[in-house]
Amino acid sequence: MKHTHKLAFALALLASPVAAQEQLSIATGGTGGVYYPMGGGLAEVINNYVDGYSATAEVTGASVENMGLVATGDADLAIGLADTVFQAQSGTGRFEGQQLEMIRGVAVLYANLVQIVTLADSGITTLDDLVGKRVSVGAPGSGTEVNAEAILSANGISYDDIDEQRLNFNETADALANGDIDAGFFSVGAPTSSILNLATTNSIRMIALSEEEIAAAQAADPIFASAELAGGLYEGVDAPVAGLGIPNVLVASSEMSEDTVYEITKAMFENIADLRAVHPAANQTEISFTLSASPIPLHPGAIRYYEETGATIPDRMRP
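In this numbering scheme, every chain counts its residues from 1 along its sequence in written order. Thresholds applied to this predicted model are a pLDDT of at least 70 for local features of residues and 80 or more for the giving and counting of side-chain atom pairs; totals over whole chains, interfaces and linings are not thresholded and use all residues. Excluding hydrogens and water, the side-chain values take into account all heavy atoms of the structure.

**Quick look at the overall build of the protein**
Then comes step 1: Of the regular secondary structure elements, the protein holds 12 helices and 10 strands.
Then comes step 2: It is over C-alpha atoms that the radius of gyration is taken, and the globule rule equals 2.2 Å times the number of residues to the power 0.38. Its C-alpha radius of gyration of 22 Å places the protein within 12% of the 20 Å reference for a compact globule of 319 residues.
Then comes step 3: Projected onto its principal axes, the C-alpha positions of the protein cover 80 × 45 × 35 Å.
Then comes step 4: Accessible area is worked out with a 1.4 Å probe on protein chains only. A residue is then buried under 20% of its type maximum, exposed over 50%, and partly exposed in between. Sorting the 319 residues of the protein into buried and exposed places 49% on the buried side.
Then comes step 5: Throughout, a contact is declared for two residues whenever any of their heavy atoms are within 4.5 Å. Across the protein, the fraction of contacts at a sequence separation of at least 24, relative to all contacts at a separation of at least 6, is 70%. A run of H or I in DSSP becomes a helix once it reaches four residues, and a run of E becomes a strand once it reaches two; helices and strands are each numbered from the N terminus.

**Focus on the pairing of strand β7 (residues 183–188)**
Sheet faces and side chains relate simply in a regular strand, where the side chains alternate between the two faces.
Then comes step 1: Counting buried positions along β7 yields 6 of 6 residues, so the element is predominantly enclosed.
Then comes step 2: Burial along β7 is two-sided: Ala183, Phe185 and Ser187 and Gly184, Phe186 and Val188, pointing in opposite directions, are all buried.
Then comes step 3: When DSSP finds two or more bridges between a pair of strands, those strands are recorded as paired. Bridge count between strand β4 (residues 103–119) and β7: 6 bridges; the pairing is antiparallel. Bridging from a neighbouring strand, Gln115 pairs with Phe186 of β7.

**Some remarks on the nonpolar core**
Then comes step 1: Core analysis: the biggest nonpolar cluster contains 84 residues, and Ile46, Leu77 and Tyr306 have the highest contact counts within it.
Then comes step 2: Looking at this core element by element, the count peaks at 9 residues for β4.
Then comes step 3: Those residues in contact with Ile46 that sit more than four places away from it in its chain are Leu24, Ile26, Tyr53, Ala55, Leu77 and Ile264.
Then comes step 4: To qualify as a nonpolar core, a set must consist of buried Ala, Val, Leu, Ile, Met, Phe, Trp, Tyr and Cys residues joined through side-chain atoms within 4.5 Å. Core analysis: the second largest hydrophobic core is formed by 21 residues, Val117, Leu167, Val188 and Tyr234 among them.

**So, the side chain of Ser63**
Then comes step 1: The topology assignment puts Ser63 in helix α3 (residues 63–72).
Then comes step 2: Here a polar contact is taken to be a pair of N or O atoms separated by no more than 3.5 Å, where protein atoms must pair a possible hydrogen donor with a possible acceptor and residues adjacent in sequence count only if both atoms sit in side chains. Polar contacts involving the side chain of Ser63 include one to the main-chain amide nitrogen of Leu81, which spans 2.9 Å.
Then comes step 3: When residues no more than four places from it in sequence are discounted, the contact partners of Ser63 are Tyr35, Ile79, Gly80, Leu81 and Thr84.

**What to know about the environment of Thr285**
Then comes step 1: Locating Thr285 in the fold gives a position in the loop between α10 (272–278) and α11 (287–293).
Then comes step 2: Taking the relative accessible area as the measure of exposure, Thr285 reaches 1% and is therefore buried.
Then comes step 3: Spatially, the C-alpha atoms of Thr285 and Ala107 are 8.0 Å apart, while their sequence positions differ by 178 residues.

**Some words on the environment of Ile296**
Then comes step 1: Along the chain, Ile296 turns up in the loop between α11 and α12 (300–308).
Then comes step 2: As for Ile296 and Ala88, which are separated by 208 residues in sequence, their C-alpha atoms are 9.7 Å apart.
Then comes step 3: Among residues more than four places away in sequence, those in contact with Ile296 are Val85, Phe86, Gln89, Ile103, Arg104, Gly105, Val251 and Met317.

**As for helix α7 (residues 193–201)**
Then comes step 1: Those residues of α7 lying buried are Ser194, Ile195, Leu198 and Ala199. For α7, the arc enclosing every buried residue in end-on projection is 130°, short of the 170-degree limit, so these residues lie on one face. Exposed residues lying more than 90 degrees from the buried face of α7 are Thr200 and Thr201.
Then comes step 2: Packing partners of the buried residues in α7 comprise β4, α6 (169–178), β7 and β8 (204–206). Taking the helix axis as origin, the arc is that swept by the directions to the C-beta atoms.

**Side note on the pattern of salt bridges**
Then comes step 1: The rule for a salt bridge is simple: a side-chain nitrogen of Lys or Arg has to be within 4 Å of a carboxyl oxygen of Asp or Glu. Taken as a whole, this structure holds 8 salt bridges when the rule is applied.
Then comes step 2: One salt bridge connects Glu164 with Arg166, and the closest N-O pair in it is separated by 3.8 Å.
Then comes step 3: The class of Arg166 is partly exposed, set by a relative accessible area of 36%.
Then comes step 4: Each of the salt bridges in this network shares a partner with another, and the network as a whole consists of Glu145, Glu164 and Arg166.

**Overview of unusual backbone geometry**
The bulk of non-glycine residues show a negative phi, and the bulk of peptide bonds are trans.
Then comes step 1: Between Ala190 and the following residue, Pro191, the backbone shows a cis peptide bond with an omega angle of 0°.
Then comes step 2: Relative to the elements of secondary structure, Pro191 occurs in the loop between β7 and α7.
Then comes step 3: Of note, the phi angle at Ala62 is positive, near 75°, even though the residue is not glycine.
Then comes step 4: With respect to the helices and strands, the residue Ala62 is situated in the loop between β2 (53–58) and α3.
Then comes step 5: The exposure class of Ala62 is partly exposed, given its relative accessible area of 21%.

**Quick look at the packing of aromatic side chains**
Any aromatic ring pair is given by two values, namely how distant the centres are and how the planes are angled relative to each other.
Then comes step 1: Here a pair means two rings of Phe, Tyr or Trp (six-membered ring of Trp) with centres within 6.5 Å. Their orientation is stacked below 30 degrees between planes, edge-to-face above 60, and tilted elsewhere. Here the structure, examined in full by the defined rule, presents 5 aromatic pairs.
Then comes step 2: On the basis of an interplanar angle of 15° and a centroid distance of 6.2 Å, the ring pair of Phe269 and Tyr305 is categorised as stacked. Of this pair, Phe269 sits in helix α9 (residues 258–270) while Tyr305 sits in helix α12, and the two are 36 residues apart along the sequence.
Then comes step 3: The rings of Tyr262, Phe269, Tyr305 and Tyr306 are connected pair by pair, giving a single aromatic cluster.
Then comes step 4: In this scheme, the term charge over a ring applies when either NZ of a lysine or CZ of an arginine sits within 6 Å of the ring centre and within 35 degrees of the ring normal. Seen from the ring of Tyr262, Arg304 lies directly overhead, with NZ or CZ sitting 4.4 Å from the centre.

By themselves, these figures tell us nothing about what the structure is for.
Here is the structure:
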């Protein structure tokens, strides 16, 4: 009896494509962020629509660690913030002397939006209105602080001109609610819980950036992408708000086969509704955004898919 079971199992294996499945690992971030659910959504898309592959999202220390995991082959795909991805691929910044040239872009998933929040009755409506005010620029050494400093200084405002406070997201929201600060910067995917909570207890206003302010920041740091906060994400903020974002990029190694990356890119964009059902950040996942905002050269497999859709690939994105 046992023998027949074994034989049936062996035959079932032969008949089933599962036997030939190649495992793919997607490096994401912590469970509390956006990378992990986005990576999980992408894994589902691969499992459902890409024959011969099964994928899982791995919890990691996010951007910097993820670049190393792709370089060593410990992850097949990874998500990273544009400035980290750019520094890794070009061997600059914190990757000086340890360039990971093999990092290639697959798609730009969404942007961390630089959200500048004040209370509705503060009288602050523009960036210039921050002069002389108490402003949280983000936790010390955070991406938010780097972004806040870059946007302010590109527009002629130094820390000497404001009373800067280095507070994390929750502390910034609390300080706004308590009247301890006048405005705060948040560089994070939208909507984010700290601002959502603040908006339910207080009337808030988002500071929009002018075209000139956006252009000045982009001239100072080309990593910035022009990005809009959609209306209706936060209570009381009904109209879209013009501003800047830092793209989050899905990357792979140049060692990964062109066909594999092509199939993954195609599956993701053809089933983007599945990803959007997992996390609203994927509403920004569009081919046009990738081709305007990728900070690094794209993988040939991704390029093949984009060209099939009729898109034009900028020269700087060709490896």
